[in-house]
Amino acid sequence: MTRLTNTWNIGLVLLALSVPAAACDGVYRSITDIQGSGSQSPQIGERVSVRGVITLDARGDQGLGGFFLQQPEHDTDASSALFIYTRLRDGAVGEEVAVTGTVTEYHGLTELTAVDSIKTCGPASLPPPVSVQLPLNEAQRESLEGMRIALSQPLQIIDHHQLADFGTLTLAPQQQTVPTQLLPPGDEAWILEQRQQLLRLILDDGRSQRGPVPTPYPDGGLSRQTNFRTGTVVTGLDGILDYRYQHWRLQPLAAPRFEPTNPRPQAPAQGINSNLRLMTLNLGNYFNGEQGTFTTSRGARNRQQWLRQTRHLVAAIEQSQADVLAASELENDGYGSDSAIASLAEALGAPWRYVIPASRDPGVAITVGFLYRADRVRTVGPALRPPAEQWPGLGRRPLLQQFQPLSGGETVRLVLAHFKSKHCRNARGADRDQHDGQGCFANRRTEQADALTRWLATLPAQAIAGTLVTGDLNSYAREWPIQRLRDKGFRDLINDTTDAPAASYRYQGRRGTLDYSLADRALADHIVAARIWAINADEPRALDFRAPAAVSAEPIAPWRSSDHDPLITDLQL
């Protein structure tokens, strides 16, 4: 039953000392009753009058289109605050106001709309924040909707994908790992993902502005010189618990504090006994333009962006001290002097060459390719791809090339693959998302893994140190394709050498490995080290080659040269 009150809460009346109580006399609804204890208000569509204190005013240009109003009493089962959607300008933060409007649910947020009256009753103190700690289940969040809260625990940045677009950061008490990096695909992986959601909160900026310049976080805005990586600890989180765009978020009342805890790493030192260093890197769609134009849907949109992309990739490759680069997401435009792979080799300088297979990989927009330092290693034999009959309808074909250090030693067979992505476009039948944590096209990726090992088994025996399969396999460590390769005797050099969950990629705030170096049994004794160089996935997307001029003009560095981290594999041959 709706509770009507003819007299206002005594504690709040005493705060309105400068204005006679008669200024806002009337009958007011309890916001707690309007909110109710469920996910929707029990009074949708009713015309009501409420009274409370403005805690956050977001009516300005690029604001949220209204303000938050809170009453001092709080029932733990229902919120005592509302969002008031209005263009009327009466009232300010720290003032008590009386508002008349219609109760509405707007995409999950209870609010008053069609407001025709705001009366200013006088100054008042902001209600103290409710101290909360994550995780909070949906019922707990609903009971605090629109209210002032303060986080009693430090949180960490787990995602800043939307920082430059909408000024938001995703926070959690600790970093989150993709469930199928830890668990086999299935129900348990799905349950873990749901648990992770309860540990998340989006830090917003109190505005609806798209592309804020500068970004609201960190103080002074984002720059390429700012260490604002995932793992940065955030404290001083005091604000309004808001729900919009299908996510719970904090609209801050004070500037949060940021403490960097994830320093930018230098390239791994090469082992003393290593005589071949392999760098495996997804280039992030490296397209150099068709006859000077940039008309494809991938990669750089103009020459200036492409030049920035090239410079940052070159910085990363040079600092890695790699002898061989295994690159994926190269434009599939052949191997002539104006091709993408030729442009990258030219930018890397005179020692660099690239492998030219007998034919292009037909029917695909992007391909894989090997580049190498001709002053350190040489190719042995031709570059091979599986014949069409051994790769039927499976998309991008892998590339095989043997390399040998010029200083002597054995030959290693490197196989570079880029399996089908998890994107669901054109997914049909068994390739659709099976809701087991693997996303779309898990079946296709598994078929690619099987076809790869069958093809390798048909190759003639050779006097080589062994075989290394590397590349972006678009599968996390416990997913079917990686397990199939393990079953065929390939060892995961990244995940099998560490107790902590490894990560070369980050998606929607979760991290895991999509990029691999997998060695067969023969090569095991030749592996010196295999590591992830964390220069990209932890960095804000806003720092990539599409960055605005103010950011891109800063010194060239390897940070965010791609969206995947490179793998560094050292071998003794």
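Refer to the structure presented above.
Caption draft 1: Representation of the overall build of the chain in the model. Helices and strands together make up the secondary structure of the chain, namely 11 helices and 31 strands. Projecting the C-alpha coordinates of the chain onto the three principal axes gives extents of approximately 95 × 45 × 40 Å. Evaluated residue by residue, the chain yields a buried proportion of 57% over its 573 residues. Summed over all atoms, the accessible surface of the chain reaches about 24,200 Å², with 49% contributed by carbon and sulfur. The centroid of the 56 positive side-chain charges in the chain is displaced by 5 Å from the centroid of its 61 negative side-chain charges.

Caption draft 2: Structural context of the nonpolar core. Among the nonpolar cores identified, the biggest contains 31 residues, and M279, L283, Y286, L325, L344 and L371 are the most heavily contacted of them. Those residues in contact with M279, other than ones at most four positions away along the chain, are A316, I317, S320, A322, V324, L325, A326, W533, P566, L567 and I568.

Caption draft 3: Quick look at the packing of helix α7 (residues 303–320) against helix α8 (residues 340–348). Close contact between α7 and α8 brings their axes to 10 Å; oriented N to C, the two are set at 60 degrees. The orientation of α7 relative to α8 falls into the category oblique. Where α7 crosses over α8, the two elements pack in a sense that is right-handed. Contact residues: W306, T310, V314, I317 and E318 in α7; S343, L344, A347 and L348 in α8. Across the contact of α7 with α8, the residue classes tally to six nonpolar, two polar and one charged.

Caption draft 4: Seen up close, the sheet that holds strand β27 (residues 505–507). Spatial strand order, β12-β28-β27: three strands in an open sheet with mixed pairing. Looking at strand neighbours, the two that pair on one side only are β12 (176–177) and β27, the edges of this open sheet. Looking at chain direction, β27 and strand β28 (residues 510–512) are connected through three bridges and run antiparallel. What sits directly across from Y505, in β28, is G512.

Caption draft 5: Expanded view of α8. The buried count for α8 comes to seven of nine residues, which makes it a mostly enclosed element. Buried positions along α8 lie against β18 (276–286), α7, β19 (324–331), β20 (352–354) and β21 (366–373). G349 occupies a position one or two residues after α8 and carries a positive phi of about 110 degrees.

Caption draft 6: Examining the state of the cysteines more closely. Applying the stated criterion to the full structure yields two disulfides. Between the sulfur of C424 and that of C440 lies a disulfide, 2.0 Å long from S to S. Its torsion about the S-S bond being 90 degrees, the disulfide of C424 and C440 is classed as right-handed. Linking C424 in the loop between β24 (412–418) and α9 (442–458) with C440 in the loop between β24 and α9, this pair joins segments that are 16 residues apart in sequence. Judged by its relative accessible area of 2%, C440 falls in the buried class. Taken N- to C-terminal, the disulfide-bonded cysteines of the chain are connected 1-2, 3-4.

Caption draft 7: Expanded view of empty space enclosed by the protein. As enumerated under the stated definition, the model contains two cavities of 30 Å³ or more in all. Within this model, the largest cavity holds a volume of roughly 50 Å³. For the largest cavity, the full set of lining residues is L330, E331, N332, D333, G334, Y335, I341, T367, V368 and G369. Where the lining of the largest cavity is concerned, the elements lending two or more residues are β19 and β21. Broken down by element, the residue count for the lining of the largest cavity peaks at three residues, all from β21. Split into classes, the residues belonging to the lining of the largest cavity amount to four nonpolar, four polar and two charged. Looking at the second largest cavity, its volume works out to about 30 Å³. If you trace the second largest cavity, you find it lined by F287, G289, E290, T293, F294, T295, T296, R298, A300 and E331. Residue composition of the lining of the second largest cavity, grouped by class: three nonpolar, four polar and three charged.

Caption draft 8: Here's a closer look at helix α10 (residues 480–487). Listed as buried for α10 are P481, I482 and L485. The buried residues of α10 occupy an angular sector of 100 degrees when the element is viewed end-on, so they sit on one face. Buried residues along α10 sit against α9 and β29 (515–519). Immediately beyond the C-terminal end of α10, within one or two residues, lies G489, with a positive phi of roughly 100 degrees.

Caption draft 9: Region of the structure containing the packing of aromatic side chains. Applying the stated rule across the entire model yields seven aromatic pairs. Aromatic side chains F228 and F258 sit 5.2 Å apart centroid to centroid with 70 degrees between the ring planes, which places their arrangement in the edge-to-face category. Taken together, the residues span a long stretch of sequence, with F228 in the loop between β13 (201–203) and β14 (233–235) and F258 in strand β17 (residues 257–259) at a distance of 30 residues. Exposure remark for F228: the relative accessible area of 2% places this residue in the buried category. Classification of F258 by relative accessible area gives partly exposed; the value is 24%.

Caption draft 10: Seen up close, the sheet that holds strand β3 (residues 47–58). Around the barrel, which closes on itself, the five strands sit in the order β3-β4-β5-β7-β6 with mixed pairing between neighbours. In this sheet, neighbouring strand axes are inclined to one another by 50 degrees on average, regardless of whether the strands run parallel or antiparallel.

Caption draft 11: Broad picture of unusual backbone geometry. Omega for the bond connecting L134 with P135 falls within 30 degrees of zero, at 15 degrees, which places this linkage in the cis form. Secondary-structure assignment places P135 in the loop between β8 (130–132) and α3 (138–142). Residue Y217 is joined to P218 through a cis peptide bond whose omega torsion reads -5 degrees. Residue placement: P218 occurs in the loop between β13 and β14.

Cut-offs used in this document
Residues numbered from 1 in each chain as written. Predicted model: local features only at pLDDT ≥ 70, side-chain atom pairs only at ≥ 80, totals over all residues. Heavy atoms only, no water. Helix = DSSP H or I, 4+ residues; strand = E, 2+ residues; numbered from the N terminus. Buried < 20%, exposed > 50% of the residue type's maximum accessible area, 1.4 Å probe, protein only. Areas by Shrake-Rupley, 256 points an atom, 1.4 Å probe, with all protein chains shown as cover. Lys, Arg positive; Asp, Glu negative; His and termini not counted. Charge placed at Lys NZ, Arg CZ, Asp CG, Glu CD. Core = buried A, V, L, I, M, F, W, Y, C linked by side-chain atoms within 4.5 Å. Contact = heavy atoms within 4.5 Å. Axes fitted to C-alpha atoms, helices over the stretch in contact; angles between N-to-C directions. Parallel < 35°, antiparallel > 145°, perpendicular 65-115°, else oblique. Left-handed = near helix turned anticlockwise from the far one by under 90°. Nonpolar A, V, L, I, M, F, W, Y, C, P; charged D, E, K, R; others polar. Pairing = 2+ DSSP bridges. Disulfide = S-S within 2.5 Å. 1 Å grid on protein atoms, 1.4 Å probe; cavity = no way out; pocket = protein on both sides within 12 Å on 5 of 7 lines; lining within 4 Å. Points joined across faces, edges and corners; volume = space filled by probe spheres on them. Arc of directions from axis to C-beta. Phe/Tyr/Trp six-rings, centres within 6.5 Å; stacked < 30°, edge-to-face > 60°.

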